Protein chains: 6
Amino acid sequence: MAQSSSLTHLDASGAANMVDVSAKPATERTAVAVGRVVMKPETLAIVRAGDAKKGDVLGTARLAGIMAAKRTHELIPLCHPLLLTKVAVDLTPDDGLPGVRVSATVKVSGQTGVEMEALTAVSVACLTVYDMVKAVDRGMRIEAIHLVEKTGGASGPYRAP
Amino acid sequence: MAQSSSLTHLDASGAANMVDVSAKPATERTAVAVGRVVMKPETLAIVRAGDAKKGDVLGTARLAGIMAAKRTHELIPLCHPLLLTKVAVDLTPDDGLPGVRVSATVKVSGQTGVEMEALTAVSVACLTVYDMVKAVDRGMRIEAIHLVEKTGGASGPYRAP
Amino acid sequence: MAQSSSLTHLDASGAANMVDVSAKPATERTAVAVGRVVMKPETLAIVRAGDAKKGDVLGTARLAGIMAAKRTHELIPLCHPLLLTKVAVDLTPDDGLPGVRVSATVKVSGQTGVEMEALTAVSVACLTVYDMVKAVDRGMRIEAIHLVEKTGGASGPYRAP
Amino acid sequence: MAQSSSLTHLDASGAANMVDVSAKPATERTAVAVGRVVMKPETLAIVRAGDAKKGDVLGTARLAGIMAAKRTHELIPLCHPLLLTKVAVDLTPDDGLPGVRVSATVKVSGQTGVEMEALTAVSVACLTVYDMVKAVDRGMRIEAIHLVEKTGGASGPYRAP
Amino acid sequence: MAQSSSLTHLDASGAANMVDVSAKPATERTAVAVGRVVMKPETLAIVRAGDAKKGDVLGTARLAGIMAAKRTHELIPLCHPLLLTKVAVDLTPDDGLPGVRVSATVKVSGQTGVEMEALTAVSVACLTVYDMVKAVDRGMRIEAIHLVEKTGGASGPYRAP
Amino acid sequence: MAQSSSLTHLDASGAANMVDVSAKPATERTAVAVGRVVMKPETLAIVRAGDAKKGDVLGTARLAGIMAAKRTHELIPLCHPLLLTKVAVDLTPDDGLPGVRVSATVKVSGQTGVEMEALTAVSVACLTVYDMVKAVDRGMRIEAIHLVEKTGGASGPYRAP
């Protein structure tokens, strides 16, 4: 079936394998992903206060996201290892949610894209926010993790509608 | 400020540290978390077809989630290492989303809870679904990752409303 | 002694170190390794049945092998880190053994070969087969792990006799 | 089918999961595994000579095996994390093979056995021997990795016939 | 020679192995280690300024130290894995050095001590300070990493003179 | 403030992030770092004796340093992953300290330097010496870890005064 053959992780017999990218040229690639942690307003107030004093909730989550991006190929079974040249993670409190918005930008010069690295950074940063504040709010939700933009690679640029 | 003192990861001066749980008794603890990957109907059809043939998309994501649960304390900076006694990850295609529902159940006999392990298993399983199908659908979204239930520990049971 | 100087991991004084490959050109390199898990016929029947239903024994071992290949440089003290461009692991039940045949193919464009990555993938896939079935057969044996073929690099191609 | 239900990693639906050991008592458990690397006589002479001078081939392999035992639960997808209380790896040159015999003894007080830890230690020690000497002999084979003995746990002691 | 037998990592034949602690009782153990990064006064001024604004140099180093403590058994070949119940890392700018003083306190209920975990936390926190400021001062030195105090275990308490 | 902008890990807002090196050319880079473990003369005698027999204390520390260099980007939050082409670690007993001198040389062809890899190798080698001998001397001190020399990269060569 034509569509199924697009699942490039599956070989002819349907078995999962890490696809061969050796014939692809190394090009500059970037990916931006976002997500958010939605919480009670009073939980967000605590995050902000903590941030005002020491930056710890958001600062800890930022570092956790950056460090996780570097380990994406260990976590996602069929991801290729890559020499990331940039990982930036941003966390912004937003009263409108209320909660924390997270975004990650990743760059590489390589043979595969860095969407998974950006999405992993966002996910682990969100998980870390949850961990830092869970003692006061177990009902938080991680929402809307998705790819915003990617550039580079044979499939061309992508921008979320 | 009273509320802020509830952020148990922050010490008196506001600096992040791994809290002392040495005085807590080791008790049986469980946590269940869920989340979902929302995709186009035709993407879900491919996941299902793959599953019908070899189970690879869902099977790969299940293993990735299980393995990630065991590495939670490496990913989330202030999580304690734990000897998990059970990790089960379940993925179910759902036409209503359309997409894949993910749930994880984790057990431990220990001094801290396993909410983060269950949430991490769900997150990495969702990321792996994304990775396996991203070639045909970059617009997928990971949604509604949250804790459903926890038991054990001094704070007592929790069940999401 | 002339031969001893061929042990390139040992420096002049005999101390183990990671050899300098900085002067080597990056070339396309591949390696294929194989091995097998020998078991009772009734154990193999269970593996096959499991495979018929959900592909779990062989599918789990395949993923474990792939993921292990990416961590070869963490496991083998003097291996260089490499950006693997392909890892494929194949498991085939074989009544003649009886047991499971495992093969791994690894590619890289780099300054050192990927024999160890292919051998590590085979070894960990075999170990995982053992783990998945050990409850019914503790007498299984992992046999004949060896390099079948390598290409690329200054030492030229190798093919097992 | 009755036998299939013995594959404790597979749940009712056949999906692989980390089995629940929370109801098992923690008991003293040991496992001993062995294996060997078979090589040309002249390769073994080099290993011996290296050993005579600095102990590096065998010493490096011993440490690699010990360190790998501690990471078994990261490598084998459904293994539980364990607090190993002892890991000993032994390598002995044997002209009769010719080659190197490897054995590993692992102990734990825990809810699951340490067969996989012992087998993983042997496998990675064998791989490291291969890596250290492969420049002079690509035809080496890793043979006969198997469990020799285990004690502790509900299934009782096992000793290879 | 009597003294040599005190090197508990070396077995009778002198080969390094992870010692058997299975017969030791699990007791409460703590360790405190310290160290310092000595730098130019103007470098310290930058660290302080960064700290005043966002806490990043010291906050990043604190987290790196905590996370490293959890990975001690992966880094130090013969260390046993442990379920750390507390890791606290403290960094204090000190004009008298000039530089940053680092201390780490680690707790466990286990069969071996946590000296190495405390020393590893200090070392990696110091390395991270270096990394964060090296662009302006490559001449920094990490000095005087040592154990200040340990409690618990058969060898009794230790306090640095 | 002009100086503060030199802290390249901090972005405009002061938040820590992994800096973008994508525009930097890949060049040959080397770094040499040193450090030492200072101990009682009788402790050093034991280290030497151990070395004379099996090389274990120094050999174990050498391997631990090499393996740690490869994991630098996992330990130091804002370090980039790199494909190290050489890691050599040297340990020399020195009666003048008394103690053990440690040096590490690291090479890469890449977009960032390898100072942190060399310093990490030295640190972990020193920690391992401590671990191997701590049973007889808890008062050892790790001293004077610093960069001796670096070459390559836009900032040009550095040599410690």
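Residues numbered from 1 in each chain as written. Chains lettered and ligands numbered in written order. Predicted model: local features only at pLDDT ≥ 70, side-chain atom pairs only at ≥ 80, totals over all residues. Heavy atoms only, no water.

An unreviewed UniProt entry annotates chain A as Cyclic pyranopterin monophosphate synthase originating from Phreatobacter cathodiphilus. The UniProt entry for chain A carries this comment under Subunit (unreviewed entry): "Homohexamer; trimer of dimers." As stated in UniProt under Catalytic activity (unreviewed entry), the record for chain A gives "(8S)-3',8-cyclo-7,8-dihydroguanosine 5'-triphosphate = cyclic pyranopterin phosphate + diphosphate". (UniProt positions renumbered as here; feature names shortened; annotations may be inferred.)

Here the focus is the overall build of chain A. Scanning chain A for helices and strands turns up four helices and five strands. Each helix and strand of chain A, placed in order from N terminus to C terminus, yields the pattern β-α-α-α-β-β-α-β-β. Here chain A holds 161 residues, and 65% of them are scored as buried. Total accessible area on chain A stands at roughly 5100 Å², and carbon and sulfur atoms take up 54% of it. (Helix = DSSP H or I, 4+ residues; strand = E, 2+ residues; numbered from the N terminus. Buried < 20%, exposed > 50% of the residue type's maximum accessible area, 1.4 Å probe, protein only. Areas by Shrake-Rupley, 256 points an atom, 1.4 Å probe, with all protein chains shown as cover.)

It is worth spelling out the state of the cysteines at this point. Two cysteines form a disulfide when their sulfur atoms are joined by a covalent bond. With the rule as written, the count across this model stands at zero disulfides over all chains. Of all cysteine sulfurs in the structure, the one in C126(B) sits closest to C79(A), which takes part in no disulfide; the separation is 15 Å. (Disulfide = S-S within 2.5 Å.)

Once that is clear, we can look at the UniProt feature "active site" (unreviewed entry) in chain A. Taken from the UniProt record, the annotation "active site" (unreviewed entry) applies to D131(A). Secondary-structure assignment places D131(A) in helix α4 (residues 115–133). In this structure, D131(A) is in contact with H9(B), I76(B), L78(B), C79(B) and M116(B), ignoring residues within four places of it in sequence. (Contact = heavy atoms within 4.5 Å.)

Our focus in this paragraph is the interface of chain B and chain A. Every contact between the two is made by 55 residues of chain B and, on the other side, 55 residues of chain A. Interface area, chain B with chain A, both sides summed: about 4900 Å², of which 65% is carbon and sulfur. Between chain B and chain A we count four salt bridges in total. With a shortest N-O distance of 2.2 Å, E115(B) and R138(A) are connected by a salt bridge. Joining chain B to chain A, the criterion identifies 14 residue pairs in polar contact (both at pLDDT 80 or more). Elements with a minimum of two residues in the side of chain B that touches chain A: α1 (41–53), α2 (56–69), α3 (72–75), α4 (115–133) and β4 (141–151) of chain B. Top contributing element to the side of chain B that touches chain A by residue count: α4(B), with 12 residues. (Buried area = accessible area lost by both parts, 1.4 Å probe. Salt bridge = Lys/Arg side-chain N within 4 Å of Asp/Glu carboxyl O. Polar contact = N/O pair within 3.5 Å; in protein donor to acceptor, adjacent residues only side chain to side chain.)

On to the pairing of strand β4 (residues 141–151) of chain C. Bridge count between strand β1 (residues 27–38) of chain C and β4(C): eight bridges; the pairing is antiparallel. Looking at β4(C), one finds that T30(C) is bridged to T151(C). Pairing between β4(C) and strand β4 (residues 141–151) of chain D: two bridges, direction antiparallel. In the strand pairing of β4(D), I142(C) is matched with I145(D). The loop that links β4(C) with its antiparallel partner strand β5 (residues 158–159) of chain C comprises six residues; one of these, G152(C), has a positive phi angle of about 90°. (Pairing = 2+ DSSP bridges.)

Moving on: the relation of the copies chain C and chain D. Rotating chain C by 180° about the axis while translating it 0.0 Å along that axis superimposes it on chain D, leaving an RMSD of 0.0 Å. These values place the two chain copies in the arrangement generated by a two-fold rotation axis. Measuring from the rotation axis to each C-alpha of chain C, the shortest distance belongs to E143(C), at 2.3 Å. In this assembly, 100% of the residues forming the interface of chain C have copies in chain D that are likewise at the interface, indicating an isologous arrangement. (Least-squares fit on C-alpha atoms with pLDDT ≥ 70 in both.)

A word on the packing of helix α4 (residues 115–133) of chain E against helix α4 (residues 115–133) of chain F. The N-to-C vectors of α4(E) and α4(F) enclose an angle of 165°; their axes lie 11 Å apart at closest approach. Our classification of the angle between α4(E) and α4(F) gives roughly antiparallel. By crossing handedness, the relation of α4(E) to α4(F) is classed as right-handed. Note on element contacts: α4(F) touches α4(E) through M116(F), L119(F), T120(F), S123(F), L127(F), Y130(F) and D131(F), opposite M116(E), L119(E), T120(E), S123(E), L127(E), Y130(E) and D131(E). (Axes fitted to C-alpha atoms, helices over the stretch in contact; angles between N-to-C directions. Parallel < 35°, antiparallel > 145°, perpendicular 65-115°, else oblique. Left-handed = near helix turned anticlockwise from the far one by under 90°.)

Okay, the relation of the copies chain B and chain A next. Once chain B has been moved 0.0 Å along the axis and rotated by 180°, it coincides with chain A to within an RMSD of 0.0 Å. When the interface residues of chain B are mapped onto chain A, 100% of them again fall at the interface, so both copies present the same face.

What follows deals with the interface of chain C and chain D. With 55 residues of chain C at the contact, the number on the chain D side is 55 residues. Carbon and sulfur atoms supply 66% of the area that chain C and chain D bury against each other, a total of about 4900 Å² over both sides. Scanning the region where chain C abuts chain D turns up four salt bridges. For E74(C), the salt bridge identified is with R71(D), shortest N-O distance 3.0 Å. Summed over the shared surface of chain C and chain D, the number is 12 residue pairs in polar contact (both at pLDDT 80 or more). For the side of chain C that touches chain D, the leading source of residues is helix α4 (residues 115–133) of chain C, giving 12 residues.

The next subject is the confidence of the model for chain A. Residues and elements named next belong to chain A. Looking at chain A, pLDDT values average 89 and 89% of them are 70 or higher. Of all secondary-structure elements in chain A, the lowest mean pLDDT belongs to helix α1 (residues 41–53), at 79, while helix α3 (residues 72–75) reaches the highest, 98. Across the whole predicted complex the pTM is 0.94, and at the interface the ipTM reaches 0.94. (pLDDT = per-residue confidence, 0-100.)

Before going further, it helps to spend a moment on the pairing of strand β2 (residues 84–94) of chain A. Every other side chain in a regular strand lies on the same face of the sheet, so the side chains alternate between the two faces. Counting buried positions along β2(A) gives eight out of 11 residues, so the element sits mostly inside the fold. If you look at the hairpin formed by β2(A) and strand β3 (residues 99–110) of chain A, you'll find four residues sitting between the two strands.

Attention shifts here to the pattern of salt bridges. The final tally for this structure, using the stated rule, is 66 salt bridges over all chains. With its nearest N and O atoms 2.7 Å apart, the salt bridge here joins K107(C) to D20(A). In this pair, K107(C) is assigned in strand β3 (residues 99–110) and D20(A) in the segment before β1 (27–38), connecting two distinct chains. Looking at D20(A), the relative accessible area reads 34%, which means it is partly exposed. One salt bridge connects R141(C) with E143(C), and the closest N-O pair in it is separated by 3.1 Å. Residues participating in the shared-partner salt-bridge network are R71(A), E74(A), R71(B), E74(B), R71(C), E74(C), R71(D), E74(D), R71(E), E74(E), R71(F) and E74(F).

Residues and elements named next belong to chain D. Position of V108 among the secondary structure elements: in strand β3 (residues 99–110). The exposure class of V108 is buried, given its relative accessible area of 0%. Separated by 77 residues in the primary sequence, V108 and A31 have C-alpha atoms spaced 9.2 Å apart.

Right, let's get into the side chain of T72(B). Residue and element names in this part refer to chain B. Here T72 lies in helix α3. A relative accessible area of 0% places T72 in the buried class. Side-chain polar atoms of T72 contact the backbone oxygen of A69, separated by 2.8 Å. Setting aside its immediate chain neighbours within four residues, T72 contacts C79, M116, E117 and T120.

The next thing to look at is the side chain of K150(A). Relative to the elements of secondary structure, K150(A) occurs in strand β4 (residues 141–151). Buried charge without a salt bridge: K150(A), with E115(A) as the nearest opposite-charge side chain at an N-O distance of 4.4 Å. There is a polar contact of 3.4 Å between the side chain of K150(A) and the backbone oxygen of G152(A). When neighbours within four sequence positions are excluded, K150(A) is seen to be in contact with T30(A), A31(A), E115(A), S155(A), G156(A), P157(A), Y158(A) and R138(B). (Lys, Arg positive; Asp, Glu negative; His and termini not counted.)

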